[in-house]
Amino acid sequence: MMRRVLLTAAKIPAIRNLSVRLPPIRRMVDRFVAGETPEAALDAVARIAATGRVATIDHLGEDTTTQAAALAATDANLRLISLIAERGLAEVAELSLKASAIGQALPGGHALAQENAERIIAAAHEAGTRVTIDMEDHTTTDATLALVQELREEFPDTGTVLQAMLHRTPSDAERWAHPGSRIRLCKGAYNEPASVAHTDKRAINASYVACLHRLIDGGAHPMVATHDPALIQAALDLLAEAGRPADSYEFQMLYGIRPTEQQRLADAGHTVRVYVPYGTDWYGYFMRRLAEKPANLALLGRALIGR
Ligand code: FAD
């Protein structure tokens, strides 16, 4: 229930405008967001890399409503890429990109998002890194997968995301499970209706394991994106059973969440990629993080009353 309230609030501009101005909320955001500038994000990446982990960087922003904003988001990603190259971080830092940030929802949005994504991915390649296209709510899944399919014709290492909570995902996993296919598997962070998504945690976890099984069997490069101890153990078991070498999969977790577990996995020889978001447009991302863990609300409550 609380999850639904928070995820609904994440879409309401008036709440957004009030929240972003409240200093206690901004302070709590620091746990989940690496800073407002690309320089701050790259400082975080350098710290992460020093501990044997790697990163994927997200310039925060979504649901862009104008062509100018889509272009600004594209330019921000291009600037990020040149800074990654300048600081010699291409081997440890990829990019994560939301199609809605670069124009997908605008009229003619498919072509616009494709053009902007191509510019970003071409620059990423030039710099020696690559891009994963994030997945947003279920109304965008078909459009985003179509975009990725087109992008992969020129840039086959473009990654994307499947969300285990959606009923459609086992069949998507089947379709996208082929050698070289970089697929991040997560539970799904959006407020989805029961007609398209599991709402029960056990069903979501069962779907997660089934989808991961398909990705591994089909020879994909799975990016196991979860902090859930049961799913991490299930992934370790499936990968070991399949005899997967360490460079054929990775674990992914979010900046600020379970850092000790991130380090444990990295120290055990697994690739661990940390999703590092930065920028001023943190509201939607932050609300999804609040919705994931009820205890975060208590922290927020304490921050708001100054304790
Ligand atoms: P949960 O059951 O939610 O969490 C397991 C445990 O992890 C919790 O008990 C808690 O200890 C810890 N934890 C989890 N979340 C939090 C939190 N917010 N604060 C504090 N502790 C927490 N979703 C999408 O829909 N599209 C995407 O493109 C996408 N990309 C992602 C990329 C990465 C690298 C990761 C890790 C997640 C991504 N997600 C994405 C989010 C994902 O769908 C889940 O919402 C999120 O990971 C929480 O699910 P969980 O698997 O960690 O399990």
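What counts as what
Residues numbered from 1 in each chain as written. Predicted model: local features only at pLDDT ≥ 70, side-chain atom pairs only at ≥ 80, totals over all residues. Helix = DSSP H or I, 4+ residues; strand = E, 2+ residues; numbered from the N terminus. Rg over C-alpha atoms; globule rule 2.2 N^0.38 Å. Contact = placed C-beta atoms within 7 Å. Near = placed C-beta within 6 Å. Nonpolar A, V, L, I, M, F, W, Y, C, P; charged D, E, K, R; others polar. Domains from an automatic or database assignment. Pairing = 2+ DSSP bridges. Axes fitted to C-alpha atoms, helices over the stretch in contact; angles between N-to-C directions. UniProt positions renumbered as here; feature names shortened; annotations may be inferred. Buried ≥ 20, exposed ≤ 12 C-beta atoms within 10 Å, placed from the backbone. Parallel < 35°, antiparallel > 145°, perpendicular 65-115°, else oblique.

Observations regarding the overall build of the chain
The secondary structure content of the chain amounts to 13 helices and eight strands. In terms of C-alpha radius of gyration, the chain reaches 18 Å, essentially the compact-globule figure of 19 Å for 307 residues. Overall, the chain is about 50 × 45 × 40 Å in size when its C-alpha atoms are taken along their principal axes. A fraction of 72% describes how many contacts in the chain between residues 6 or more apart in sequence connect residues 24 or more apart.

Observations regarding the site of the ligand
Near the ligand there are 24 residues, and of these Asp134, Cys186, Ala189, Thr226 and His227 occur at the shortest range. Put simply, the parts of the chain that give the shell around the ligand at least two residues each are strand 4 (159–163), strand 5 (182–186), strand 7 (250–254) and helix 12 (283–292). Per-element tally for the shell around the ligand: the top contributor is strand 7, with three residues. Its residues placed into classes, the shell around the ligand shows 10 nonpolar, six polar and eight charged. Taken domain by domain, the makeup of the shell around the ligand includes at least three residues from each of domain 1 (1–33 + 283–307) and domain 2 (45–281).

So, the sheet that holds strand 3 (residues 131–133)
Around the barrel, which closes on itself, the eight strands sit in the order 1-2-3-4-5-6-7-8 with parallel pairing between neighbours. Between one strand axis and the next, the sheet turns by 30° as a mean value, whatever way the strands run. Of the strand pairs in this sheet, strand 5 and strand 6 (residues 221–225) are connected by four bridges, and their pairing is parallel. Within strand 6, the position partnered with arginine 182 by the bridge is histidine 221.

Some details on the UniProt feature "binding site: FAD" (unreviewed entry) in the chain
The positions UniProt marks with the feature "binding site: FAD" (unreviewed entry) are Met135, Gln163, Lys187, Gly188, Ala189, Lys201, Thr226 and His227. Its location among the elements puts alanine 189 in the loop between strand 5 and helix 9 (201–217). Tracing the chain through its elements places threonine 226 in the loop between strand 6 and helix 10 (229–241). A tally of 22 C-beta atoms within 10 Å means that threonine 226 is categorised as buried.

Brief notes about the packing of helix 1 (residues 2–9) against helix 12
Helix 12 packs onto helix 1 with a crossing angle of 175° between their chain directions and a minimal axis gap of 9 Å. Our classification of the angle between helix 1 and helix 12 gives roughly antiparallel. Between helix 1, through Arg3, Leu6, Leu7 and Ala9, and helix 12, the contact on the second element is made entirely by Met287, Arg288, Leu290 and Ala291. A class-by-class count of the residues in the contact of helix 1 with helix 12 yields six nonpolar, no polar and two charged.

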